[in-house]
Amino acid sequence: MRWLDVPPVWLAGCVLAAWLQARHFALGLSFGGAWAEFLGGTLLGGGLLLALLAITEMRRQKTTVLPHQTPSRLVQSGIFSRSRNPIYLGDVLILAGLILWFDAVLSLPLIPVFLWVLERRFVIPEEDRMRRTFRADWVRYERKVRRWI
């Protein structure tokens, strides 16, 4: 069951919840039209781009993208020079974009909940593994690059 405890599954669950809320429990609430669809599309595209850039950089460095495994290299180049967690940041942007796109007003609280889940279930344990594995290199990287943005 550990294969189910990965960020894409959590993201899919939140997206499904937002879609169901928009479709069946809108309660007459709306973000207000075209601007929300435009912003939603922009966030969605930005999130996909961030994740793609990060995955490409990790593949280029020949290290794992799986969250429960210890990477063989500390990736500090590319998008990782701006954010220590660009894939997770991309996931949050994707969720926010889809909530806007779906016009799922009541699903807005899913964004901080999803962020909290990512941080507690994935980011903190990964950073602990990185700290043990890469020691001084990790400390320098952690001081230089912020966790999110």
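Residues numbered from 1 in each chain as written. Predicted model: local features only at pLDDT ≥ 70, side-chain atom pairs only at ≥ 80, totals over all residues. Heavy atoms only, no water.

A short note on unusual backbone geometry
Put simply, the test is: Only DSSP runs of H or I covering at least 4 residues are called helices, and only runs of E covering at least 2 are called strands; the numbering of each starts at the N terminus. Buried means the residue's accessible area, taken with a 1.4 Å probe over protein chains only, is under 20% of the maximum for its type, while exposed means over 50%, and partly exposed covers the values in between.
The backbone of L27 sits at a positive phi, close to 55 degrees, despite the residue not being glycine. Here L27 is to be found in the loop between helix 1 (7-24) and helix 2 (34-60). With a phi close to 40 degrees, R135 is a non-glycine residue in the positive phi region. Note on placement: R135 falls in helix 4 (residues 110-144). On the accessibility criterion, R135 (61% relative accessible area) is exposed.

Description of a nonpolar patch on the surface
This is how the line gets drawn: Patches draw on residues past 30% relative accessible area with no salt bridge. Two like charges within 9 Å are joined, as are two nonpolar side chains (Val, Leu, Ile, Met, Phe, Trp, Tyr) within 5 Å. Residue burial considers only the protein chains on display, and all accessible areas are found by Shrake-Rupley using a 1.4 Å probe. We define a salt bridge as a side-chain nitrogen of Lys or Arg found within 4 Å of a carboxyl oxygen belonging to Asp or Glu.
On the surface, W3, L4 and V9 cluster together to form a nonpolar patch covering roughly 300 Å² of accessible area. Looking at where W3 falls in the secondary structure, it is placed in the segment before helix 1. Here W3 falls in the exposed class, since its relative accessible area comes to 62%.

Quick notes on the packing of helix 1 against helix 3 (residues 86-102)
Filter applied, for reference: A fitted line through C-alpha atoms serves as each axis, taken over the contacting stretch for helices, and the angle formed by two N-to-C directions is quoted from 0 to 180°. Comment on the angle field: the value is read as roughly parallel under 35 degrees, roughly antiparallel over 145, roughly perpendicular from 65 to 115, and oblique elsewhere. Only heavy atoms matter for contacts: two residues are in contact if any of them lie within 4.5 Å across the pair. Under the scheme applied here, ten amino acids are nonpolar (Ala, Val, Leu, Ile, Met, Phe, Trp, Tyr, Cys and Pro), four are charged (Asp, Glu, Lys and Arg), and all others, including Gly, are polar.
Where helix 1 contacts helix 3, the axes come no closer than 9 Å and their chain directions differ by 10 degrees. Judged by the inter-axis angle, helix 1 sits roughly parallel to helix 3. Counting all contacts with helix 1, which are made through P7, L11, C14, V15, A18, W19 and A22, the residues of helix 3 involved are Y88, D91, I94, L95, L98, I99 and F102. The class makeup of the residues in the contact of helix 1 with helix 3 is 13 nonpolar, no polar and one charged.

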